[in-house]
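# Structural characterization, general
Single-letter residue listing:
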Amino acid sequence: MPEETLTESNSGDVAILRDRGRRKERESCEHCAHARECRDGGISFKTAFAAARQVCEHRTVKQFDLLVIGGGVNGTGIARDAAMRGIHTCLVEKKDFAAGSSGANSGMIHGGARYLLFDANVTKLSCLDSGYIQRIAPHLLFRIPFLVPFLPRGKGELFDRAYIYGAECYFEEYDRYQPLKNGKPHTRLSDEELHQIEPGIAQGTLGAVTMDEYGIDPFRLCTLNARSAAAYGAEIRNHTAVTRLEEGWTVELNGNEKVGARIVFNAGGPWAPKIAALAGVELKIRPSKGVHVTLDRRLSNYGVICRAIDGRDVFVMPHEDSSIIGTTDDDFYGDPDELSVSQDEIEYLLQAVERTFPVVRGARILRAWAGVRPTLFEYGPLEDRLSRDHRVTDHGRGFFSIVGGKLASFRAMAEEAVDAVAKALNKGDRCRTHQEPLPGGATPPPAAEELSRAHDVTAFAAARISYRHGAEAEEVLALANENPELLALACPCEGVTFAELKFSLEREFAGGLTDLRRRCRLAMGVCQGARCIGPAAALVGSLAEAEALLDERWKGHRPVLSGDGLAQAELLQATYFGTGALHHEGETPWR
Amino acid sequence: VALSADVLVIGGGMAGAAAALSARQAGASVLLVARGPGATALSSGAADIAAVEDLPLREAARVLARRSGHPYALIDDLDAMVAEALRLLKTLGYAGGGERNLWLLSPLGCAKPAALAQSAIAAGDLRALPRDARPAVVALAGSQAIEARLQAAGLRRFFEKAFVLPLDFYTQRSDALRTLPEMARDIDERRDELAALLRRAGASHFFLPTLGFSPQPIEAGAPVFEMLSAPPSVPGLRLQRALDKALQAAGVEVRTGIAERSAQGGVQIVRGVACEPVEAGAIVLATGRFIGGGIRSDSRLRETVFDLPAFAGERQAMPALATEELFAQRARGRHAGLAAGVRVSEGLRLSDRIFAAGAVVGGYDQSRDEGGIGAAALLGIAAGRSAAQAAKPRARASA
């Protein structure tokens, strides 16, 4: 915090400086001596010290037991677990929570039925942990029953019957894990029953099998983990990059600040090899890119599993107010900071879904997005056959890494990671992350109707707030008690009130509009920001923030521009440039 | 029974209405078919023709005419047509049109250059206000009250003493949910009350998000201006109403329906199950771009009524990989893909009897000062005139 000056609000720092132990240090520091001279010369100590503080940083390096690098679901999960066990923890993330792979997946807390054949332990762990996640964040999970329709394979009736029989056996095996996550056992549907509940599915199926899974808002999951960690005393630093790692460990942050840690935990996901290299350690993963497409509406009532042209499973599923199609799985050799999506990848997904669910072509594509899976390294297998298992590695000298794994089992992975840390530190209680609820998860969320009546917000907004914030929904809306304008909707598509934005700015480490997008689904709805980016920029008072979010949305919209999407793009451009004149910002008409 | 007119105009926005009015003025009988409100009804209240740095309006238009693909290049006497467009817009409630562009306060607090604007907006030309002005951005309720902060902050770059003025016009908690069109309706009903509240506040000028649908002035003891509006926009609705009225007064026959090519190669108007063929001497296509639905890109770019090829830059289809050529990496970049449209020849001609006007014509981007409502009016007038001329042989034959 180089620009920070000493004000009344952090005069606590001055109190610390008066502390005896520090005084000694100060006396031996020429800058502090200079500060003292200034004070004697009549300049206030506060002012003088503020000037000298920056240079004195090396004297006041903060010490932690554990420094976690990476604000994804692993990093925030580890930070929470460690903080709860009394380990003095600092979490650093170069961008924002869930800004990488944790926010670019399907958003599912699923059991991984797909892995049953070759990775049964992954399935079991995922199911078990899904049950725990339901317990600690009940408001954040939503049930998505899946349909697995069978299309004739063109190899004769006998083959089809054998295939369906095989599939049923498979799901019977999966049923054994369902109770772990409160899932219902599979059922078999006839073609007629299938079309009764999901009329959009192609005609002439051989029926379907159902399967119970859960969805989650992965951005909120990571944010809540970070908030919980902070509540247990961890220091949370998003938008803070690690620029150097020196053994011992002194960690340079943003190139201008240092902290010390006994253990450094690398939870960088696809960036993990880069972080390991900073520590002089070689870490190999087999990164693989996954592309998703978001549609403008809930196209189906259920998740539908479809087969891609290469035989892979691709699904379309309702997620919050939209539908998601995913995903591709291709080896990735580029820079995870520079992901892009091509129309080929989008066409692959649409083609896959179209055969089973033809109406998909009628929907407007809102955007495409990509993430990189930090899969365990293995040479040989096709991407789809790679193990989804995870690995915690002790590289020695107090440097640990975690790679691989699934969103659905993040908590168990964090537990395993912190067990290793606790052992190395010889410190820490037992893991409690499976028992203690995340913020907002302690009691059932308030009913939307009541919330709507009590706070004069629309029922839709009330329902969305109560989903996103659970038991904290009241607290969020209470921010508008003094300022009723905060009850207004910043984003009508996703029911985001200004109160919710303010709550995230004040309590959830949100630094700007792109952070608010992750926490509150700002600009994630059907208009992709045409309505909300201006009003939200007004709340934070920054047009630069407006432009950052416009650019972020444009990045996902650009590869899918066709059909009605172009009208949306034209309207958005007309709003912010044609009418808003954002490209004339800073120009004055007199020169 | 076939409908018949000298000139058929397809599209009821600014370009279509301007074409219909000018063809009517040239003595042609005109039938206008409109599917419904399009981009014109969402417009901001400004009418931009051309803005290049701070060049005088006519010079800026000439600069655009030299840019590759801009339809101004195809206009015979550009200066005269600019004058015609200004004249038409002034009859529709727009003011300004001096030598230089107006600089108007945008909803983001930036200054937008435009040739004209609806009169209460044009009056707030930032350049016309004294530098020591103490203007207030009035905060009424909800989201608008929050946006007022951004607008006042923008205004402070021009006038140091600009400030946000909260007003007790709305007092209920639930008023926070009011949208701008709703506020406009409330102001129409409570105009005197608003004026009284403003008179009590001290400011040299008042900027309001809307002054209501009715254009009556507000007596506040100091000048009251309206700001430009993002969609859903009250000025846009006002313009659409003014156009509908002008068309009626000029004796243009207006139909609601979808124009499409008939099996015989002519044009028919479809509404529900009803289908009426149209006999016309000439046609003006003014169907807009993507918002209006005049241009569509599926596997290739096409015009939607006659299925004519459309172009984005030099391309006839959006390629499989988003290219820098059509869509810049950043939102604020230039996007040739969003300036897609049909290609016309001299006089905005598509074929012997078909002309095009407004955003359906490619080559200019409304969001980058290359002409908005003002350009639509200008191109509409030119196309309407050409169409009336092309239809003349038919008129003579029938006489």
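Here, the structure is the one placed above.
Computed from a predicted model, the values in this text were never measured in an experiment. (Residues numbered from 1 in each chain as written. Chains lettered and ligands numbered in written order. Predicted model: local features only at pLDDT ≥ 70, side-chain atom pairs only at ≥ 80, totals over all residues. Heavy atoms only, no water.)

Moving on: the overall build of chain A. The helix and strand tally for chain A stands at 20 helices and 20 strands. Within chain A, contacts between residues at least 6 apart in sequence are counted, and of these 72% link residues at least 24 apart. (Helix = DSSP H or I, 4+ residues; strand = E, 2+ residues; numbered from the N terminus. Contact = heavy atoms within 4.5 Å.)

The next thing to look at is the overall build of chain B. Within chain B, the regular secondary structure consists of nine helices and 18 strands. Radius of gyration (C-alpha) of chain B: 22 Å, near the 21 Å computed for a compact globule of 399 residues. Considering only contacts within chain B whose residues lie at least 6 apart along the sequence, 64% involve residues at least 24 apart. Of the roughly 15,800 Å² of accessible surface on chain B, a fraction of 50% belongs to carbon and sulfur atoms. The centroid of the 46 positive side-chain charges in chain B is displaced by 1 Å from the centroid of its 40 negative side-chain charges. (Rg over C-alpha atoms; globule rule 2.2 N^0.38 Å. Areas by Shrake-Rupley, 256 points an atom, 1.4 Å probe, with all protein chains shown as cover. Lys, Arg positive; Asp, Glu negative; His and termini not counted. Charge placed at Lys NZ, Arg CZ, Asp CG, Glu CD.)

Grouped together as the largest cluster of nonpolar side chains are 145 residues, with contacts concentrated most on Leu501 of chain A together with Met14, Ile49, Tyr72 and Leu378 of chain B. The element that contributes the greatest number of residues to this core is helix 9 (residues 373-398) of chain B, accounting for twelve residues. Other than its neighbours up to four places away in sequence, Met14 of chain B contacts Thr40, Leu88, Leu89, Leu92, Leu239, Leu243, Ile373, Ala376 and Ala377 of chain B. Met108, Phe150, Tyr174 and Val421 of chain A belong to the second largest nonpolar core, which has 67 residues in total. (Core = buried A, V, L, I, M, F, W, Y, C linked by side-chain atoms within 4.5 Å. Buried < 20%, exposed > 50% of the residue type's maximum accessible area, 1.4 Å probe, protein only.)

Okay, the pattern of salt bridges next. If you walk through the whole model with that rule in mind, you get 72 salt bridges over all chains. The partner of Glu552 of chain A in a salt bridge is Arg367 of chain A, with the nearest N and O atoms 3.9 Å apart. Pair noted here: Glu552 of chain A is in helix 19 (residues 543-557) and Arg367 of chain A is in strand 16 (residues 365-376), with a separation of 185 residues, a long-range link. According to the relative accessible area criterion, Arg367 of chain A is buried, its value standing at 7%. The closest approach of N and O atoms between Asp551 of chain A and Arg330 of chain B, which form a salt bridge, is 2.8 Å. With Asp551 of chain A in helix 19 and Arg330 of chain B in the loop between strand 17 (301-303) and strand 18 (354-356), this residue pair bridges two chains. The class of Asp551 of chain A is buried, set by a relative accessible area of 18%. (Salt bridge = Lys/Arg side-chain N within 4 Å of Asp/Glu carboxyl O.)

A few words on the packing of aromatic side chains. Overall, the coordinates contain twelve aromatic pairs over all chains when judged by the stated rule. Plain terms: the ring middles of Phe150 of chain A and Tyr163 of chain A are 5.9 Å apart, the flat faces sit at 90° to each other, and that makes the pair edge-to-face. Here Tyr163 of chain A lies in helix 7 (residues 157-175) and Phe150 of chain A lies in the loop between strand 4 (141-149) and helix 7, a separation of 13 residues in the sequence. When the ring centre of Tyr170 of chain B is taken as reference, the NZ or CZ atom of Arg190 of chain B above it lies at 5.9 Å. Sitting over the face of the ring of Phe311 of chain B, Arg343 of chain B holds its NZ or CZ atom 4.0 Å from the ring centroid. (Phe/Tyr/Trp six-rings, centres within 6.5 Å; stacked < 30°, edge-to-face > 60°. Lys NZ or Arg CZ within 6 Å of the ring centre and 35° of its normal.)

Taken together, the contacts link 57 residues of chain B with 56 residues of chain A. On the chain B side of the interface with chain A, the three residues burying the most area are Leu108, Arg173 and Arg332 of chain B, jointly 14% of the side's total. Counting across the chain B and chain A interface gives six salt bridges. Ionic pairing is found between Arg296 of chain B and Asp564 of chain A, a salt bridge with its closest N-O pair at 2.8 Å. The interface formed by chain B and chain A contains 22 residue pairs in polar contact (both at pLDDT 80 or more). Of all elements in the fold, only strand 6 (111-114), helix 5 (142-156) and strand 16 (295-297) of chain B reach the threshold of two or more residues within the side of chain B that touches chain A. Among the elements that take part in the side of chain B that touches chain A, helix 5 of chain B stands out by supplying six residues, more than any other. Residues of the side of chain B that touches chain A, tallied by class, amount to 29 nonpolar, twelve polar and 16 charged. (Buried area = accessible area lost by both parts, 1.4 Å probe. Polar contact = N/O pair within 3.5 Å; in protein donor to acceptor, adjacent residues only side chain to side chain. Nonpolar A, V, L, I, M, F, W, Y, C, P; charged D, E, K, R; others polar.)

Residues and elements named next belong to chain A. Of the pairings in the sheet, the one linking strand 8 (residues 242-246) to strand 9 (residues 250-253) comprises four bridges and is antiparallel in character. Along strand 9, the bridge assignment pairs Glu246 with Thr250. The antiparallel hairpin formed by strand 8 and strand 9 contains three residues in its connecting segment, where Gly248 sits at a positive phi of about 125°. Examined bridge by bridge, strand 9 and strand 10 (residues 257-266) share four bridges and lie antiparallel to one another. Across the sheet, the residue bridging to Leu253 is Glu257, located in strand 10. In this antiparallel pair of consecutive strands, strand 9 and strand 10, the connection spans three residues, and Asn254 shows a positive phi of 50°. (Pairing = 2+ DSSP bridges.)

The next subject is the sheet that holds strand 4 (residues 94-96) of chain B. Sheet strands associate in pairs through backbone hydrogen bonding, adopting either a parallel or an antiparallel arrangement. Spatially, three strands are ordered 3-7-4 (chain B) in an open sheet, and the strand pairing comes out antiparallel. At either end of the open sheet lies a strand with only one pairing partner, and these are strand 3 (46-47) and strand 4 of chain B.

Quick look at the sheet that holds strand 10 (residues 205-208) of chain B now. Residue and element names in this part refer to chain B. Read across the open sheet, the four strands follow the order 9-8-10-11; overall the sheet is parallel. Either end of the sheet is taken by a strand with one partner, and the two such strands are strand 9 (163-166) and strand 11 (224-226). On average, each strand axis in the sheet is tilted by 35° relative to the strand beside it, whichever way the strands run. (Axes fitted to C-alpha atoms, helices over the stretch in contact; angles between N-to-C directions.)

As a further point, take unusual backbone geometry. With an omega of -10°, the peptide bond running from Gly326 of chain A to Thr327 of chain A counts as cis. Position of Thr327 of chain A among the secondary structure elements: in the loop between strand 14 (322-326) and strand 15 (330-331). Geometrically, the link from Pro231 of chain B to Pro232 of chain B is a cis peptide bond, its omega value of -5° lying close to zero. Locating Pro232 of chain B in the fold gives a position in the loop between strand 11 and helix 8 (234-249).

For the rest of this paragraph, the subject is helix 2 (residues 57-66) of chain B. Taken as a whole, helix 2 of chain B has its buried residues at Leu57, Ala60, Ala61, Val63, Leu64 and Ala65 of chain B. Buried positions along helix 2 of chain B lie against helix 3 (78-91) of chain B.

Before going further, it helps to examine the side chain of Thr497 of chain A. Positionally, Thr497 of chain A belongs in strand 20 (residues 496-497). Beyond its immediate chain neighbours, meaning those up to four positions away, Thr497 of chain A contacts Val457, Ala461, Ile465, Leu477, Leu486, Leu487, Ala488, Leu489 and Ala490 of chain A.

A separate point is the environment of Ile269 of chain B. All names here are of chain B. The residue Ile269 is located in strand 14 (residues 267-271) in this model. Look at Ile269 and you get buried, because its relative accessible area is 3%. For the pair Ile269 and Leu197, spaced 72 residues apart in the sequence, the C-alpha separation amounts to 51 Å. Apart from residues lying up to four places away in sequence, Ile269 is in contact with Leu3, Leu31, Val33, Arg255, Gly257, Ile258, Ala274, Cys275, Glu276 and Val278.

Residue and element names in this part refer to chain A. By the element assignment, Ser106 lies in the loop between strand 2 (89-92) and strand 3 (108-109). Looking at Ser106, the relative accessible area reads 13%, which means it is buried. Looking at Ser106, its side chain comes within polar contact range of the side chain of His292, at 2.9 Å. Ignoring sequence-local partners within four residues, the contact set of Ser106 consists of His292, Phe315, Met317, His319 and Ile324.

Below, the discussion takes up the packing of helix 16 (residues 498-507) of chain A against helix 17 (residues 513-520) of chain A. Residue and element names in this part refer to chain A. Where helix 16 meets helix 17, the closest approach of the two axes is 10 Å, and the angle between their N-to-C directions is 110°. With respect to their mutual orientation, helix 16 and helix 17 come out roughly perpendicular. As for how helix 16 packs across helix 17, the hand of that crossing is right-handed. Counting all contacts with helix 16, which are made through Glu500, Leu501, Ser504 and Leu505, the residues of helix 17 involved are Leu516, Arg519 and Cys520. Classifying every residue of the contact of helix 16 with helix 17 by side-chain character gives four nonpolar, one polar and two charged. (Parallel < 35°, antiparallel > 145°, perpendicular 65-115°, else oblique. Left-handed = near helix turned anticlockwise from the far one by under 90°.)

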